[in-house]
Amino acid sequence: ARFYRAAWYALRAGTGNMDLLVALGTSAAWALSMWLWLSAPAEAMVHLYFESSALVITLVRLGKWLESNAKQQMTATVRALHSLRPPTAHWLGPDGEVDLPSSELLLDDRVAVKPGERFPADGVVLEGQSEVDESMLTGEARPVPKEKGSGLTGGSINGYGRIVMRVTALGSQSTLSRMIRLMEDAQAVKAP
């Protein structure tokens, strides 16, 4: 019924869509099968297409269900990526270390990241060394060693050592934001 309802609205709007094609195809197969069945002599063996109508509807419904599940998983993934940003950062100013919201960081700010914390932005190591869990970016389970001059990705997790970093990318320019934007674009656009 949902295909016929959607097909009716498409016809009234003067447009065509997949629901209209499904309704036309399955109706034609059903009507032809009924006509062949009712008009054939009693002993004749005729080809009927009732199963074709049912199969088309089943496959299209399965496709829509799979698409819906994929969108839900993509939405959950985007939410998980958003949650990788830590809410606060340990900003290093002239008066020492101050906790402030990560959204207030500026380019070239110096930030301290303690063991086990997430990096609040993309940056470069100024002091210290550690191993960083970048599995959210690369999928690699092994921590990556970082030392002075190494690049850091916001959202990744600092390992055992305290690191002082210089912020090099914020907001929409950060690696994490670009990943989120790519995921949202992929979710919004249908394949050709």
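See the structure shown above.
Quick notes on the rules
- Residues numbered from 1 in each chain as written.
- Predicted model: local features only at pLDDT ≥ 70, side-chain atom pairs only at ≥ 80, totals over all residues.
- Heavy atoms only, no water.
- Helix = DSSP H or I, 4+ residues; strand = E, 2+ residues; numbered from the N terminus.
- Expected span 1.5 Å × (residues − 1).
- Buried < 20%, exposed > 50% of the residue type's maximum accessible area, 1.4 Å probe, protein only.
- Arc of directions from axis to C-beta.
- Contact = heavy atoms within 4.5 Å.
- Pairing = 2+ DSSP bridges.
- Core = buried A, V, L, I, M, F, W, Y, C linked by side-chain atoms within 4.5 Å.
- 1 Å grid on protein atoms, 1.4 Å probe; cavity = no way out; pocket = protein on both sides within 12 Å on 5 of 7 lines; lining within 4 Å.
- Points joined across faces, edges and corners; volume = space filled by probe spheres on them.
- Nonpolar A, V, L, I, M, F, W, Y, C, P; charged D, E, K, R; others polar.

Considering helix α1 (residues 2-13)
Side chains of residues three or four places apart in an α-helix project in the same direction, reflecting 3.6 residues per turn.
Logical step 1: For α1, built from 12 residues, the straight-helix expectation of 16 Å at 1.5 Å per residue is met to within 8% by its first-to-last C-alpha distance of 17 Å.
Logical step 2: Taken as a whole, α1 has its buried residues at F3, A7 and A10. An end-on view of α1 places all buried positions within 60° of arc, on one side of the element. Away from the buried face of α1 by more than 90 degrees, exposed residues R12 and A13 are located.
Logical step 3: Check the buried side of α1 and you find it contacts α2 (18-39) and α3 (50-82).
Logical step 4: Within two residues after α1, G14 carries a phi angle of roughly 75°, on the positive side.

What about the sheet that holds strand β6 (residues 144-146)?
Logical step 1: Strand order in the open sheet made by the three strands is β6-β5-β8, with antiparallel pairing throughout. What marks the edges here is a single partner per strand, and that holds for β6 and β8 (157-158).
Logical step 2: Taken together, the three bridges between strand β5 (residues 130-133) and β6 define a ladder with antiparallel strand orientation. Its bridge partner lying in β6, E131 is registered against P145.

Examining the nonpolar core
Logical step 1: The biggest cluster of nonpolar side chains holds 13 residues, and the ones touching the most others in it are L105, V111, F119, L152, I163, M165 and V167.
Logical step 2: Of all the elements in the fold, those that place two or more residues in this core are β3 (110-113) and β9 (163-169).
Logical step 3: In terms of residues, this core owes the most to one element, β9, which gives three residues.
Logical step 4: Once you skip the residues sitting within four places of it in the chain, F119 turns out to touch P86, V113, V132, L152, T153, G154, G155, S156, I157, N158, I163 and M165.
Logical step 5: Of all hydrophobic cores here, the second largest spans seven residues; its members include M136, L176, M179 and I180.

Considering the layout of surface pockets
Logical step 1: Empty space within the largest pocket amounts to approximately 210 Å³.
Logical step 2: Lining the largest pocket are 17 residues, and of these R85, S102, P120, L170 and G171 lie nearest its centre.
Logical step 3: Split into classes, the residues belonging to the lining of the largest pocket amount to eight nonpolar, seven polar and two charged.

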